[in-house]
Amino acid sequence: MSIKRSILLRVRIAFLLVFLFALAIFFRMAEIQFVEGDKWKAMAEEINLQYKTVPAVRGNIYAEDGSLLATSLPFYRVAFDPSIASNELMESSIDSLSLLLSRYFKDHQPVEYKRRILNARARNRQYMILNRNKINYLNKKEMEKWPIFREGKYRGGVIFEKVNERYKPFAFLGARTIGHINENNKGAGLEYSFNEQLAGRDGKGLFQKMAGSYWRPIYDGSEVKPVAGYDIVSTIDVNIQDVAQSSLMNALIEHEADYGLAVVMEVATGQIKAISNLTRYSNGNYGESYNYAVGGLTEPGSTFKLASVIALMEEAQLSLNDSIDAGDGQFEFYDRVMTDHKYGGYGMISFKDAFAQSSNIAISRWVNHHFGLKPERFIDYIQSMGLTDRVGFQIKGEGTPYVKRPGDKSWSGVSLPWMSIGYELKLTPLQVLTFYNAIANQGRMVQPIIVKSVKQADDKVEEYESVVLNDKICSRETLEKVKIMLESVVEYGTASNIKNDFYKIAGKTGTAQKLKNGRYTRKYYTSFAGYFPADAPKYSCIVVIDNPKGFHQYGSSVAAPVFKNIADKIYATDLEIHEPLPQQFAKEEGVFPVIQAGRYDDLQTILANLGIEHTPTDAAEWVRAKRAGNKINWKESTASYEYIPDVKGMTMRDAIFLLENRGLRVSYQGSGRVIKQSQDPGDKVIKGSKIILQLG
């Protein structure tokens, strides 16, 4: 009996202890909820609230004519607070809203959207992302009309979270030059190089952490508004950029090359008007992945011969007619044999012809003869021309020229002759172009620039102009002789295939064998650098095509035609470098100031209304007026659809009608009637080409 009582006593004590423990828990829960509730809520909110950075709107990048190259566009993430809408509103509109969401995003059935929203509402969730895909401003305005959403943020619960994204209106055009930047402030191109100006100043705001690790902004008045970045205005001409990129692309595809580049510079100002870098990807397509023009250090090959002939003229006062024996096409310097590309060699050849025909042996023999015992002096000339220093380009990543000197470990007996023809040294294409541009610019080497101003709205914050890097790269006498030599390359030399009858080109071809594992291979780095029009240079340009495949593998047949294609199209559209067109149909004094050219029926009506006498004709639909005393005679104005018509004197409407019907792209400058046209009347129509009309 005593054992039984003992067991019961122990059970009762244990039960009492459990009861007291449970009672203590209950009282503590009540205390936390009702007595200390505000304290713990504040702590929870403090844990789930955090000040976060609010990114500033990034500045725009403009072309020189104001065209947008890069901008930040507002996109929106669609979020929702399902707890806000009233029961009546939710019940009457949830089906319609779910259907619209399903139709727009096409990722869930309407019933799934309805289930997700109602479940979140039942759990009293105050924030949910309806879809991770972002929408644009027009989509946002449309969604604001949807059921529930039309009640707004405070009655309907819709939340459109703004997210700025970088957008390039011209997409692929100049993509690498425009560049990019990531969240770690690493990148390339203008976006990276001018990040300090473009980035602006970030703000701060209070955010609350919601279910699913999403952060919702809390507008409590403590937020610091971000300050938008400055805009930058580049020197890029979108039309020239388009011409350069499309011409380069066509050549790369034709020759299946590894990569290529084209840069166009304005001679007097150093402004870069186009810069394109295209690389072949593994799938065979081309895109911009690296700025070879700025950062690509390579042995330039024969384009460097220009520096050698300048050094020779300055040192030895060689004349264009001085000659040397280039032999049978092979010449031994110490333990290495140099060759010329002409089978059998050039024999005795003049200085001018050696450059025009790009004789390796002739140029290197001259350099070795005059500088062989004093190679340091040859390097001093190279340095005096500005070819041993960077040009200080505004886009980061410019390569540093590699020009070795006697005494360096890699210097040997063959270094000087091989350097004279563009080997055993490295330059970037932009540095080579800057050198050639100096010849076109009367010996004055200017720094190339690609950004000319930083602005805030219409106010300029900072302006950039080209710095003169070298006021005189050589004597005036040498400069004049060098110009003749550069023109001879196109007149009858290695680039005679790009000679034309309309304007002169001056330049130099380059074909350098590529070095691999210490040996020169049968792969080539082809180039052409020069300027045009040669008699009054406005633009300089360099084209490089690396490792072309197939039968054509030289600068003359690969890179030079691209240069000509770019130059032709620029020449056709730039009225400033054209000879003035004859003013055969200038406005006449008297009573016929506007009766010049147009559609015969329209002009006949005008004359009838003005009471001006004219000789009727049924010969042509389009006519040109010719005054004969107080009378008008008519002359047929248009040519066959295969040829450019003469639209001078016509109204803009008539001119566009005639030209666009022939497949031409028309742009114009000024107002009034046509006084000039960039493509000459009678030239054969090239469908899709651009013609510029000047009105006045």
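Residues numbered from 1 in each chain as written. Predicted model: local features only at pLDDT ≥ 70, side-chain atom pairs only at ≥ 80, totals over all residues. Heavy atoms only, no water.

Visitor: Could you give an account of the overall build of the protein chain, naming the residues involved and the relevant values?
Guide: Counting secondary structure elements, the protein chain contains 21 helices and 33 strands. Sorting the 696 residues of the protein chain into buried and exposed places 48% on the buried side. The long-range fraction of contacts in the protein chain, counting pairs at least 24 apart against all pairs at least 6 apart in sequence, stands at 67%. In the structure as shown, the protein chain presents an accessible area of about 35,300 Å², 51% of it carried by carbon and sulfur atoms. (Helix = DSSP H or I, 4+ residues; strand = E, 2+ residues; numbered from the N terminus. Buried < 20%, exposed > 50% of the residue type's maximum accessible area, 1.4 Å probe, protein only. Contact = heavy atoms within 4.5 Å. Areas by Shrake-Rupley, 256 points an atom, 1.4 Å probe, with all protein chains shown as cover.)

Visitor: Hey, could you go over the layout of surface pockets for me, with residue numbers and the actual values?
Guide: Rolled over the atoms, a probe with the dimensions of a water molecule shows which regions are left empty. Reported here for the second largest pocket is a volume of approximately 1,400 Å³. Contributing to the lining of the second largest pocket are 47 residues, with Asp568, Lys569, Tyr571, Ala572 and Thr573 lying nearest its centre. The greatest single-element share of the lining of the second largest pocket, amounting to 8 residues, is contributed by helix α19 (residues 559-573). For the lining of the second largest pocket, a count of residues per class yields 17 nonpolar, 12 polar and 18 charged. (1 Å grid on protein atoms, 1.4 Å probe; cavity = no way out; pocket = protein on both sides within 12 Å on 5 of 7 lines; lining within 4 Å. Points joined across faces, edges and corners; volume = space filled by probe spheres on them. Nonpolar A, V, L, I, M, F, W, Y, C, P; charged D, E, K, R; others polar.)

Visitor: With reference to specific residues and values, describe empty space enclosed by the protein.
Guide: The tally for this structure, following the rule as stated, stands at 4 cavities of 30 Å³ or more. Taken together, Leu69, Leu173, Gly174, Thr177, Ile178, Leu190, Ile236, Val238 and Gln241 make up the full set of residues lining the largest cavity. At the level of secondary structure, the elements contributing two or more residues to the lining of the largest cavity comprise α7 (175-178) and α10 (238-255). Classifying every residue of the lining of the largest cavity by side-chain character gives 6 nonpolar, 3 polar and no charged. Within this model, the second largest cavity holds a volume of roughly 50 Å³. Residue lining of the second largest cavity: Thr298, Pro300, Thr303, Leu427, Thr428, Pro429, Val432, Tyr525, Ser527, Ile542 and Val544, and that is the complete set. Those elements giving two or more residues to the lining of the second largest cavity turn out to be α17 (429-440), β25 (519-532) and β26 (539-546). Among the residues making up the lining of the second largest cavity, the classes are represented as 7 nonpolar, 4 polar and no charged.

Visitor: Now, about the sheet that holds strand β31 (residues 665-669): what can you tell me, with residues and values included?
Guide: Taken in spatial order, the 3 strands of this open sheet run β31-β33-β32, and their pairing is mixed. In this open sheet, the two edge strands, each paired with only one partner strand, are β31 and β32 (674-677). Averaged over all pairs of adjacent strands, the angle between strand axes in this sheet comes to 30 degrees, irrespective of strand direction. Examined bridge by bridge, β32 and strand β33 (residues 690-695) share 3 bridges and lie antiparallel to one another. Bridge assignment links lysine 676 to a residue of β33, and that residue is glutamine 694. (Pairing = 2+ DSSP bridges. Axes fitted to C-alpha atoms, helices over the stretch in contact; angles between N-to-C directions.)

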